[in-house]
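Okay, here's what each chain looks like letter by letter:
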There are 2 protein chains.
Amino acid sequence: MRGVVMHAPGDVRTEELEMPVILEPTDAIIRVTATCICGSDLWPYRGAEAIRAGGQRMGHEYIGVVESVGGEVARIRPGDHVVGSFVASDNTCEICAAGYQSRCVHQVMMGSVGTQAQYARIPLADGTLVVTPGELPADLIPSLLAASDVLGTGWFAAVAAEAGPGKTVAVVGDGAVGLLGVLAAKQLGAERVIAMSRHADRQALARRFGATDIVTERGEEGAARIKELTGGLGAHSTIEAVGTQESMEQAIRATRAGGHVGFVGVSHDVALDGAEVFFSSVHLHGGPAPVRRFLPELVDLIFQRRIDPGAVFDLTLSIEDAAEGYRAMDERRATKVLLTTD
Amino acid sequence: MRGVVMHAPGDVRTEELEMPVILEPTDAIIRVTATCICGSDLWPYRGAEAIRAGGQRMGHEYIGVVESVGGEVARIRPGDHVVGSFVASDNTCEICAAGYQSRCVHQVMMGSVGTQAQYARIPLADGTLVVTPGELPADLIPSLLAASDVLGTGWFAAVAAEAGPGKTVAVVGDGAVGLLGVLAAKQLGAERVIAMSRHADRQALARRFGATDIVTERGEEGAARIKELTGGLGAHSTIEAVGTQESMEQAIRATRAGGHVGFVGVSHDVALDGAEVFFSSVHLHGGPAPVRRFLPELVDLIFQRRIDPGAVFDLTLSIEDAAEGYRAMDERRATKVLLTTD
């Protein structure tokens, strides 16, 4: 089968790989219908994260059709159309039961498996996969794929930020996750959603997803602008979807005392000043999103065509052209790249 | 009148000071019945915080009797027996209404007023002061005084940590705030309360307040011990009541994914590693406690004699002997010192 391997920063290739096989009786093998490139895949691409020696299989987002299942898989059957989270989880342990499937005691990061490929092994299939109501309509494929990570992550950020009725929500970051944070905040009933973006196309998508205001300032000025828009107090809820020192500070400073910051940008070289966090009086919550918690609801919203998160994909390529997809995202020519596997 | 002034690290004196007067029409003047020395007063005492040039009035905890009120004070009357928070607040602004009176848009830190004195000016008296049901019974004075800060702060930490039924709560710090965090967690219905302490007398008080377990290990070992006691997962809720790098890391590492850390130790030279906070998946909330939010309930619990937070005072001195009180706390001969003003 064909799959994507990163050999060095900037060096991504589509190669012939061995077909995955059932390794554990709780595994399933799926034929990947569609996969995509994540903003977090750019960290190693840009040399900001180590790459496994000998080449690293890439990808952790996926929708597909179940080919085969291990002997202990009870709920998932061959032929099922499925979507799963970027973290495999048993969905039964105490941590999963509390809604933190991304930190399941048996968690397997799908990035270690690699789903930018024609087939993938899904560990803990019963806990990880959500069966869709019937075959995947072609026009819903991007949205269902988005549910696998970026939508689920934006949704978690909005939930962590306690977006809801009567709330003003600020969103730091206009990548796919930030934009879907806008969508989530709107869906959760936020009164006002302020997208922070300097790019006309992303601003337009933010508006389409429900942003009521756009702020182009960043850093200190961005936080000051949010305060200005909120009677000097700051947003009730802020979604942080970047993961840098500046974006975290911007998020904390844009939020009122007693407000909530939901942060889902993977932290890179961030050090939070204890005194600043203390005197900010905000709630901080984030981390790897427990996408599995939200998947059934998200799949439902997508099948009801009440949300259209697939709009974040602005480039679709064959998996054979994955290298161009990475380049396009690295150069910000694309927000999010969908890879077809036919 | 007599009051306490800090002139330099280690140099605390009780001096003759001018009587406070009404400066704003929202002020009240109270005769201080009792005041006390706070763990946070030790930061400048130990040279870890600057001291105002010319001498700094000390103290932010107080109970007393109202002497006079300004022209715009409507709810508080001369003769009222009152307790207030260490932050004066209007209790009507949007931030107060959300329960964050310690960050009121008109907040006045009582430490800038100085309540280790025979009389004190209380700004925003209507919003700040809670009238007790009648005169203060002598035996309840320590408990009511504790409500002014250490009890309210420990209570906020337990609420921020979402202590409650079915929860295991770990408490980092065995000073007055940590011990009252134990009491609060117990009152809020926690199933198990693990106090982290190496001192026999503080362990005994923690037990009296409701601790079910004592852990003597600190730092990495302390966090590991908490995990051991909680099936490898960590506490649901952790109260941090110290404010150092080690104590914050200990608190975060002792908490399970999805759990809550309530931190109220005033951060000094703390830098939180972004990646660690991210991958911990905990909720972080803390800061200056909005004691005013809890005061009516706490006063009620104290008058019903259902809680005895005054037990944290293990030394009572005249305000004339304040210097000895500071020394005793600095040398850990006392947990918390009550100062009488007669």
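Residues numbered from 1 in each chain as written. Chains lettered and ligands numbered in written order. Predicted model: local features only at pLDDT ≥ 70, side-chain atom pairs only at ≥ 80, totals over all residues. Heavy atoms only, no water.

Draft legend 1. Just helix 7 (residues 200–209) of chain A, in detail. Residues and elements named next belong to chain A. Those residues of helix 7 that fall on the buried side of the exposure criterion are R202, Q203, L205, A206 and F209. In a view along the axis of helix 7, the buried residues occupy a sector of 165°, so they form one face of it. More than 90 degrees from the buried face of helix 7, the exposed residues found are A200, D201 and R208. Summarising the contacts, the buried residues of helix 7 are in contact with helix 6 (176–187), strand 12 (192–196) and strand 13 (213–215). Of the residues trailing helix 7, G210 is marked for its positive phi of about 125°. (Buried < 20%, exposed > 50% of the residue type's maximum accessible area, 1.4 Å probe, protein only. Helix = DSSP H or I, 4+ residues; strand = E, 2+ residues; numbered from the N terminus. Arc of directions from axis to C-beta. Contact = heavy atoms within 4.5 Å.)

Draft legend 2. The arrangement of the pairing of strand 9 (residues 119–122) of chain B in detail. Residue and element names in this part refer to chain B. Residues Y119 and R121 of strand 9 are buried on one face, and the alternating residues A120 and I122, pointing to the opposite face, are buried as well. In terms of strand pairing, strand 3 (residues 28–37) meets strand 9 through 4 bridges, oriented antiparallel. Paired with A28 across the strands is I122, a residue of strand 9. (Pairing = 2+ DSSP bridges.)

Draft legend 3. Region of the structure containing the pattern of salt bridges. Summed over all chains, the structure comprises 38 salt bridges over all chains. As a salt-bridge pair, R121(A) and D27(A) come within 2.9 Å of each other at their nearest N and O atoms. With R121(A) in strand 9 (residues 119–122) and D27(A) in the loop between strand 2 (11–16) and strand 3 (28–37), this residue pair connects regions lying 94 residues apart in the sequence. Relative accessible area serves as the criterion here: at 18%, R121(A) is assigned to the buried category. Here R208(B) ties to D308(B) by a salt bridge, and the two come within 2.4 Å at their closest N and O atoms. Here D308(B) lies in the loop between helix 11 (291–303) and strand 18 (315–318) and R208(B) lies in helix 7 (residues 200–209), a separation of 100 residues in the sequence. Among the residues examined, D308(B) registers a relative accessible area of 35% and is labelled partly exposed. Sharing partners across several salt bridges, the network here consists of E220(A), E249(A), R253(A) and E276(A). (Salt bridge = Lys/Arg side-chain N within 4 Å of Asp/Glu carboxyl O.)

Draft legend 4. Expanded view of the sheet that holds strand 1 (residues 2–8) of chain B. All names here are of chain B. As summarised here, the arrangement of the 3 strands in space is 2-1-4, forming an open sheet in which the pairing is antiparallel. At either end of the open sheet lies a strand with only one pairing partner, and these are strand 2 (11–16) and strand 4 (56–57). Examined bridge by bridge, strand 1 and strand 4 share 2 bridges and lie antiparallel to one another. Looking at strand 4, one finds that V5 is bridged to R57.

Draft legend 5. Spotlight on the interface of chain B and chain A. Contacts between the two partners involve 33 residues from chain B and, on the opposite side, 33 residues from chain A. For the pair chain B and chain A, the summed buried surface comes to about 2800 Å²; carbon and sulfur atoms form 65% of the total. Along the contact surface separating chain B from chain A lie 2 salt bridges. Where E94(B) meets R256(A), a salt bridge forms, and the shortest distance between an N and an O atom there is 2.8 Å. Our count for the chain B to chain A interface comes out at 18 residue pairs in polar contact (both at pLDDT 80 or more). Mapped by element, the contributors of at least two residues to the side of chain B that touches chain A are helix 2 (94–97), strand 15 (255–263), strand 16 (271–273), helix 10 (274–280) and strand 17 (283–286) of chain B. Top element by residues in the side of chain B that touches chain A is helix 10 of chain B. It accounts for 6 residues. (Buried area = accessible area lost by both parts, 1.4 Å probe. Polar contact = N/O pair within 3.5 Å; in protein donor to acceptor, adjacent residues only side chain to side chain.)

Draft legend 6. Region of interest: empty space enclosed by the protein. Residue and element names in this part refer to chain A. In total, this model carries 1 cavity of 30 Å³ or more according to the counting rule given. The computed volume of the largest cavity comes to approximately 40 Å³. Lining the largest cavity are Q245, E249, I252, A271, L272, D273, E276 and V277. Listed by contribution, the elements that provide at least two residues to the lining of the largest cavity are helix 9 (245–253), strand 16 (271–273) and helix 10 (274–280). Broken down by class, the residue content of the lining of the largest cavity amounts to 4 nonpolar, 1 polar and 3 charged. (1 Å grid on protein atoms, 1.4 Å probe; cavity = no way out; pocket = protein on both sides within 12 Å on 5 of 7 lines; lining within 4 Å. Points joined across faces, edges and corners; volume = space filled by probe spheres on them. Nonpolar A, V, L, I, M, F, W, Y, C, P; charged D, E, K, R; others polar.)

Draft legend 7. Geometry of the UniProt feature "domain: Alcohol dehydrogenase-like N-terminal" (unreviewed entry) in chain A. The sites that UniProt annotates as "domain: Alcohol dehydrogenase-like N-terminal" (unreviewed entry) are residues 25–124 of chain A. For residues 25–124 of chain A, the end-to-end C-alpha separation is 9 Å, with 8% helix and 31% strand making up the annotated structure. (UniProt positions renumbered as here; feature names shortened; annotations may be inferred.)

Draft legend 8. Representation of helix 12 (residues 322–330) of chain B. Residues and elements named next belong to chain B. Taken together, the buried positions of helix 12 are occupied by A322, G325, Y326, A328 and M329. Taken end-on, helix 12 shows its buried residues confined to a sector of 160°, consistent with a single buried face. Once helix 12 ends, the next one or two residues include R332, with phi positive near 60°.

Draft legend 9. Looking closely at the packing of helix 5 (residues 150–160) of chain B against helix 11 of chain B. Residues and elements named next belong to chain B. As a packed pair, helix 5 and helix 11 sit with axes 9 Å apart at the nearest point and diverge in direction by 110°. Classed by the angle they form, the pair helix 5 and helix 11 counts as roughly perpendicular. Contact residues: L151, G152, T153, W155, F156 and V159 in helix 5; V291, R293, F294, E297, L298, L301 and I302 in helix 11. Classifying every residue of the contact of helix 5 with helix 11 by side-chain character gives 9 nonpolar, 2 polar and 2 charged. (Axes fitted to C-alpha atoms, helices over the stretch in contact; angles between N-to-C directions. Parallel < 35°, antiparallel > 145°, perpendicular 65-115°, else oblique.)

Draft legend 10. How the structure looks around the sheet that holds strand 15 (residues 255–263) of chain A. If you trace the 12 strands from one edge of the open sheet to the other, you get 13(A)-12(A)-11(A)-14(A)-15(A)-17(A)-17(B)-15(B)-14(B)-11(B)-12(B)-13(B), paired in mixed fashion. Looking at strand neighbours, the two that pair on one side only are strand 13 of chain A together with strand 13 (213–215) of chain B, the edges of this open sheet. Along the sheet, successive strands turn relative to each other by an average axial angle of 20°, direction set aside. For strand 15 of chain B and strand 17 of chain B, the ladder comprises 4 bridges, and the chain directions are parallel. Across the sheet, G262(B) pairs through a bridge with H285(B), a residue of strand 17 of chain B. Where helix 8 (residues 219–229) of chain A meets the sheet, it contacts strand 11 (168–172), strand 12, strand 13 and strand 14 (235–240) of chain A, and its direction lies at approximately 160° from that of strand 12 of chain A.

Draft legend 11. The arrangement of the side chain of S281(A) in detail. Along the chain, S281(A) falls in the loop between helix 10 and strand 17 (283–286). A residue is classified by how much of its surface remains accessible, and S281(A), at 1% relative accessible area, is buried. In contact with S281(A), not counting residues within four places along its chain, are A257(A), G258(A), G259(A), Y100(B), R103(B), H285(B), G286(B) and P288(B).

Draft legend 12. Main features of the domain arrangement of chain A. All names here are of chain A. With domains assigned, chain A is organised as domain 1 (2–149 + 290–340) and domain 2 (153–286). Each of domain 1 and domain 2 has a C-alpha centre, and these two points are 26 Å apart. Residue-level contacts link 23 residues of domain 1 with 18 residues of domain 2. Roughly 1700 Å² is buried in total at the junction of domain 1 and domain 2, and carbon and sulfur atoms are behind 65% of that figure. One can count 1 salt bridge joining domain 1 with domain 2. Ranked by residues supplied to the side of domain 1 that touches domain 2, first place goes to helix 11 (residues 291–303) with 6 residues. (Domains from an automatic or database assignment.)

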